[in-house]
Amino acid sequence: MIPVLQVEDLKKHYPVKSGFLRRTTGQVYAVDGVSFSIAPGQTLGLVGESGCGKSTVARAVMRLVAPTSGRVLVEGTDIATLSKAELRPYRRQMQMVFQDPFSSLNPRMSAGDIVGEPLLVHGVATGAQARARVAALFAQVGLRPAQMDNFPHQFSGGQRQRISIARALALNPRLIVADEPVSALDVSIQAQVINLLMDLQRDQGLAYLFIAHDLAVVEHIAHHVAVMYLGRIVEIADKVTLFRNPVHPYTRALLSAVPVPNPKLKRKKQLLEGDVPSPMRPPPGCAFHTRCPIAVARCSVDAPVLKERDAGHLAACHLADG
Ligand code: ADP
């Protein structure tokens, strides 16, 4: 089966300019060689601390930024080489939901106009037909069609995120890139929005690239999980394997912070000391060695490659086998 999305060795480096002449004096290695694929109807959770490059991956996939190198294939076609006009049909297939539903919704447009805008822009429907489609989308995401004429400020945070999701669904996409879609919401509302996304996936076969800084958020929704650190994936596996048998010390540290319902099974808390190093000057060798509780001398000189441990379970760590 052709993946809905296939990302191959994606890199995005931002030049750092300084001085009067604005000379390029360095690079921010925001994304530095990321590969993954998502099958139809599946969810990949992309997880890592703030600043590790998750949003940049999302923006490069959506072509909101041009990648420095690498390929982004949507249903088998490399969209990096397409012109704006050629890109149009692919834009319909991929939609994005952002973290903050307040700043991503135009406050001067009614909720109905926000949801219906993609229909007009792509010439799919107008007038009464568009209004009927918008009403159906409202119902689909658990909003009352009677609320169509209300403005974003008249909705709660969770409802605003439902508006964003309805808008993303308007053109029947195959993939939704959701960048921290529940991080700004109360915990009780987070579960409702995640359940809505899962229901929509079941009914429509949608694929999701679901970004979160916290493993707990993806535990319910993801089929596969990729853990990023300083612009690279350090471990990727199906969700059950990653949660039961994490091999990278960074994944283990992130997992130790995930609450477990049974206190007897409580994981030993493993605090990550210090901050993520600057992606302008990633540490030599394994980028994680400066914070790694089990690092040995080799880790500071020799960069580990992402190696398959078991079928579909890859990790980049010299010590993961031990
Ligand atoms: P995350 O989503 O994991 O928090 P981001 O993808 O937003 O991480 O950022 C990764 C790194 O790239 C950060 O160090 C950030 O400061 C840097 N970065 C992001 N966008 C730009 C930009 N437009 N110019 C320069 N640096 C950027």
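For the structure, see preceding data.
None of these values were measured; they are calculated from a predicted model.

Asks: Could you clarify how one ought to interpret the overall build of the protein chain in this entry?
Replies: Along the protein chain, the regular secondary structure elements total nine helices and 12 strands. Here the C-alpha radius of gyration of the protein chain, 21 Å, is about what a compact globule of 322 residues would show, namely 20 Å. Oriented by its inertia axes, the alpha-carbon framework of the protein chain measures out at about 70 × 60 × 45 Å. Expressed as a percentage of the 322 residues in the protein chain, the buried residues total 47%. Restricting to contacts in the protein chain with at least 6 residues of sequence separation, those with at least 24 account for 63%. Summed over its atoms, the accessible surface of the protein chain is roughly 15,700 Å², and 52% of this surface lies on carbon and sulfur atoms.

Asks: So what exactly am I meant to see when it comes to the site of the ligand here?
Replies: With respect to spatial proximity, 13 residues lie near the ligand, and among them Gly51, Gly53, Lys54, Ser55 and Thr56 are the closest. A distance of 3.0 Å separates an oxygen atom of the ligand from a polar atom in the backbone of Gly53. Take Thr56: an N or O atom from its side chain is 2.5 Å from an oxygen atom of the ligand. Isolated, the ligand exposes 560 Å² of accessible area, and the fraction of that covered by the protein chains is 64%. Elements supplying a minimum of two residues to the shell around the ligand: β2 (23–38) and α1 (54–61). The element contributing the most residues to the shell around the ligand is α1, with four residues. Its residues assigned to classes, the shell around the ligand comprises five nonpolar, five polar and three charged.

Asks: Just to check I follow, could you spell out the pattern of salt bridges for this structure?
Replies: Under the criterion given, the structure shown has nine salt bridges. With its nearest N and O atoms 3.1 Å apart, the salt bridge here joins Asp32 to Arg232. Taken as a pair, Asp32 in strand β2 and Arg232 in strand β10 (residues 232–238) lie far apart in primary sequence, 200 residues in all. Through salt bridges with shared partners, a single network forms among Asp199, Arg202 and Asp203.

Asks: Sorry, what's going on with the side chain of His289 here?
Replies: Mapped onto the secondary structure, His289 falls in the loop between α9 (249–256) and β11 (307–310). The class of His289 is buried, set by a relative accessible area of 19%. The contacts of His289, once residues within four sequence positions are left out, are Pro283, Pro284, Ala295, Cys299 and Ser300.

Asks: Before we go on, may I ask you to explain empty space enclosed by the protein in this structure?
Replies: Remark: the empty space left among the atoms is shown by a probe the size of a water molecule rolled over them. Evaluation of the coordinates by the stated rule reveals one cavity of 30 Å³ or more. Considering the residues around the largest cavity, the lining is formed by 13 residues, among which Pro249, Cys286, Cys292, Cys299 and Cys317 are closest to the centre. Across the lining of the largest cavity, the residue classes break down as 10 nonpolar, three polar and no charged.

Asks: When you look at the pairing of strand β7 (residues 175–179) in this model, what are you seeing that I'm missing?
Replies: Within a regular strand, side chains alternate between the sheet's two faces. The buried fraction of β7 amounts to five of the five residues, a majority that puts the element mostly inside the structure. Residues of β7 alternate between two faces, with Leu175, Val177 and Asp179 on one and Ile176 and Ala178 on the opposite face, all of them buried. Viewed along the sheet, the connection from β7 through helix α6 (residues 187–204) into strand β8 (residues 207–212) turns out right-handed.

Asks: Would you mind going over the packing of aromatic side chains with me for this structure?
Replies: Think of a pair of aromatic rings as described by two things: how far the centres are apart, and how the planes are tilted against each other in angle. Summed over all chains, the structure comprises three aromatic pairs. When the centroid spacing of 5.0 Å and the interplanar angle of 80 degrees are considered together, the rings of Tyr229 and Phe288 count as edge-to-face. Of this pair, Tyr229 sits in strand β9 (residues 224–229) while Phe288 sits in the loop between α9 and β11; the two residues are 59 residues apart in sequence, bridging distant segments of the chain. Each of the two residues, Tyr229 as well as Phe288, counts as buried. One aromatic cluster is present, formed by Tyr229, Tyr250 and Phe288 through successive ring pairs.

Asks: Sorry, what's going on with unusual backbone geometry here?
Replies: Glycine aside, residues mostly have negative phi angles, and peptide bonds mostly take the trans form. Here the phi dihedral of Glu180 falls at roughly 50 degrees; this positive angle occurs in a residue that is not glycine. For Glu180, the location among the structural elements is in the loop between β7 and α6. Glu180 sits in the buried class, given a relative accessible area of 9%. Notably, Leu230 is not glycine yet its phi reads approximately 45 degrees, a positive angle. Mapping Leu230 onto the fold places it in the loop between β9 and β10. Given the relative accessible area of 7%, Leu230 is considered buried.

Calculation notes
- Residues numbered from 1 in each chain as written.
- Predicted model: local features only at pLDDT ≥ 70, side-chain atom pairs only at ≥ 80, totals over all residues.
- Heavy atoms only, no water.
- Helix = DSSP H or I, 4+ residues; strand = E, 2+ residues; numbered from the N terminus.
- Rg over C-alpha atoms; globule rule 2.2 N^0.38 Å.
- Buried < 20%, exposed > 50% of the residue type's maximum accessible area, 1.4 Å probe, protein only.
- Contact = heavy atoms within 4.5 Å.
- Areas by Shrake-Rupley, 256 points an atom, 1.4 Å probe, with all protein chains shown as cover.
- Near = heavy atom within 4 Å.
- Polar contact = N/O pair within 3.5 Å; in protein donor to acceptor, adjacent residues only side chain to side chain.
- Nonpolar A, V, L, I, M, F, W, Y, C, P; charged D, E, K, R; others polar.
- Salt bridge = Lys/Arg side-chain N within 4 Å of Asp/Glu carboxyl O.
- 1 Å grid on protein atoms, 1.4 Å probe; cavity = no way out; pocket = protein on both sides within 12 Å on 5 of 7 lines; lining within 4 Å.
- Points joined across faces, edges and corners; volume = space filled by probe spheres on them.
- Right-handed = clockwise from strand over helix to strand, strands pointing away.
- Phe/Tyr/Trp six-rings, centres within 6.5 Å; stacked < 30°, edge-to-face > 60°.

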